[in-house]
Amino acid sequence: MTIEYPAQSWKDYEIIDSGRGEKLERYGRYCMIRPEPKALWEPSMSAAEWEKMAHTRFSPGAGFGKAGKEDSGTWERRKAMDDQWRIRYSSPQGFGFNLRLGLTSFKHVGVFPEQASNWEYIYRNTAELVAKAKEEGAPAPKVLNLFAYTGAASLAAKAAGADVTHLDSVRQVVTWARENMEGSNLENIRWIVEDAMKFAKREAKRGNVYQGIILDPPAYGHGPDGEKWKLDECLYDMLRNVARILAPKDSFMVLNLYSNGYSALLGETVVRQALGLAPGCSGLDSGELALLDRFGKALPLSIFVRLRR
């Protein structure tokens, strides 16, 4: 198991400090304070220093953070700032893309910075598949991004030259992802607003396969027609369908899990069982994605499982 952090060369994002259930972050030119239940320690800076730096603070509503529930809250502005702004992700591998950010009612701003390591993995493996396809005179590899949110992972795959399908059940975030593509001077991503499980099952019935599949499922969710998603009950079934549409060779899969306190070992085991992988499969690895603040405090935020074959 490995622990991975965003590269320090990413100039448009920084976690400055963390503690007492909150984190102080900088996105481009704006700093903000947001809830972070995993920050169990004391902050390294004083409350006055936090307040001096912050342009805004998110105050959660009643019931915020309960299992299966993420009530809306409000942003309390300390300084003048735009409602929307852009940052750039510049990769150590030489690719990059632009992301439009904004203050949503659910504390999110449109990007999860700890995912940078997954973007690097997606770009690197997609680029290898693209190069091989060109050598063989084959079509560009197809990459499917399920539960795709505002699309940073889709942009990484597209920047590497893949034929990308981006799927999310919420039309507004798919529109947001399209803005990110256009703002990054990329094109021709396929956009789908649909329930992820329904789409994966239909693709399996049609015999369609993908050389890359990315999954970042929530703990709870709903499809556009009211389909219910509950991670504990649906994850294994979803992965069984992924097994049917992931190419058996020259392919990769990335699974990211934020929810329910899952461990990397649990994630690796469920992937191995769902995809029928042998113990000790050389192409399978897992770990944690974390952020490191200025004072060296590591904040673990999600676990990943990756397969390359």
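That block above? That's the structure.
Since this is a predicted model, take the numbers as computed values, not measurements.

To continue, consider the packing of helix α2 (residues 116–136) against helix α3 (residues 152–159). Describing two packed helices takes the angle between their axes plus the distance from one axis to the other. Packing of α2 against α3 brings their axes to within 8 Å, and their N-to-C directions diverge by 25°. One way to sum up the angle between α2 and α3 is to call them roughly parallel. Relative to α3, the crossing made by α2 is right-handed. Taking contact as the criterion, the partners of W119, I122, Y123 and T126 in α2 are, on α3, A152, A153, A156, A157 and A159. Class assignment for the residues of the contact of α2 with α3 results in eight nonpolar, one polar and no charged.

Below, the discussion takes up the sheet that holds strand β4 (residues 30–35). Consider a sheet: its strands pair through backbone hydrogen bonds, and that pairing is either parallel or antiparallel. Read across the sheet, five strands follow the order β2-β3-β4-β5-β6 without closing on themselves; strand pairing throughout is mixed. Every other strand in the sheet has two partners, leaving β2 (13–19) and β6 (73–77) as the edge strands with one partner each. Taking each pair of neighbouring strands and ignoring which way they run, the sheet shows an average axis angle of 20°. Where strand β5 (residues 56–60) lies against β6, five bridges are found, and the strand directions are antiparallel. By the bridge assignment, T56 is partnered in β6 with R77.

Another aspect to go through is the pattern of salt bridges. A full pass over the atoms with the stated rule returns 23 salt bridges. A salt bridge links R29 to D82; the shortest N-O distance between them is 2.7 Å. Of this pair, R29 sits in the loop between β3 (22–27) and β4 while D82 sits in the loop between β6 and β7 (84–90), and the two are 53 residues apart along the sequence. The exposure class of D82 is partly exposed, given its relative accessible area of 36%. For R77, the salt bridge identified is with D83, shortest N-O distance 2.6 Å.

Relative to the helices and strands, T56 resides in strand β5. Assessed through its relative accessible area of 0%, T56 is described here as buried. Among the polar contacts listed, one links the side chain of T56 to the backbone oxygen of E76, at a separation of 3.3 Å. If near-sequence neighbours (up to four positions away) are discounted, T56 is found in contact with C31, M32, I33, W75, E76, R77, R78, M81 and L103.

Burial along β7 is one-sided: the residues W85, I87 and Y89 are buried and none of Q84, R86, R88 and S90 is. For β7 and strand β8 (residues 96–102), the ladder comprises seven bridges, and the chain directions are antiparallel. Residue pairing for β8: I87 is matched across the bridge by L99. What sits between β7 and β8 in their antiparallel hairpin is a turn of five residues, with G94 showing a positive phi close to 105°.

Time to look at unusual backbone geometry. The backbone of K107 shows a phi angle near 75°, a positive value even though the residue is not glycine. Here K107 is to be found in the loop between β8 and α2. Unusually for a residue other than glycine, N185 sits at a positive phi of about 60°. Judged by relative accessible area, which is 73%, N185 ranks as exposed.

Moving on to the environment of V164. Residue placement: V164 occurs in strand β10 (residues 163–168). In this structure V164 comes out as buried when scored by relative accessible area, which is 0%. The spacing of V164 and R86 is 78 residues in sequence and 23 Å in space, taken between C-alpha atoms. Setting aside chain neighbours within four positions, we find V164 in contact with V143, S154, A157, K158, N188, I189 and R190.

The rules behind these values
Residues numbered from 1 in each chain as written. Predicted model: local features only at pLDDT ≥ 70, side-chain atom pairs only at ≥ 80, totals over all residues. Heavy atoms only, no water. Axes fitted to C-alpha atoms, helices over the stretch in contact; angles between N-to-C directions. Helix = DSSP H or I, 4+ residues; strand = E, 2+ residues; numbered from the N terminus. Parallel < 35°, antiparallel > 145°, perpendicular 65-115°, else oblique. Left-handed = near helix turned anticlockwise from the far one by under 90°. Contact = heavy atoms within 4.5 Å. Nonpolar A, V, L, I, M, F, W, Y, C, P; charged D, E, K, R; others polar. Pairing = 2+ DSSP bridges. Salt bridge = Lys/Arg side-chain N within 4 Å of Asp/Glu carboxyl O. Buried < 20%, exposed > 50% of the residue type's maximum accessible area, 1.4 Å probe, protein only. Polar contact = N/O pair within 3.5 Å; in protein donor to acceptor, adjacent residues only side chain to side chain.

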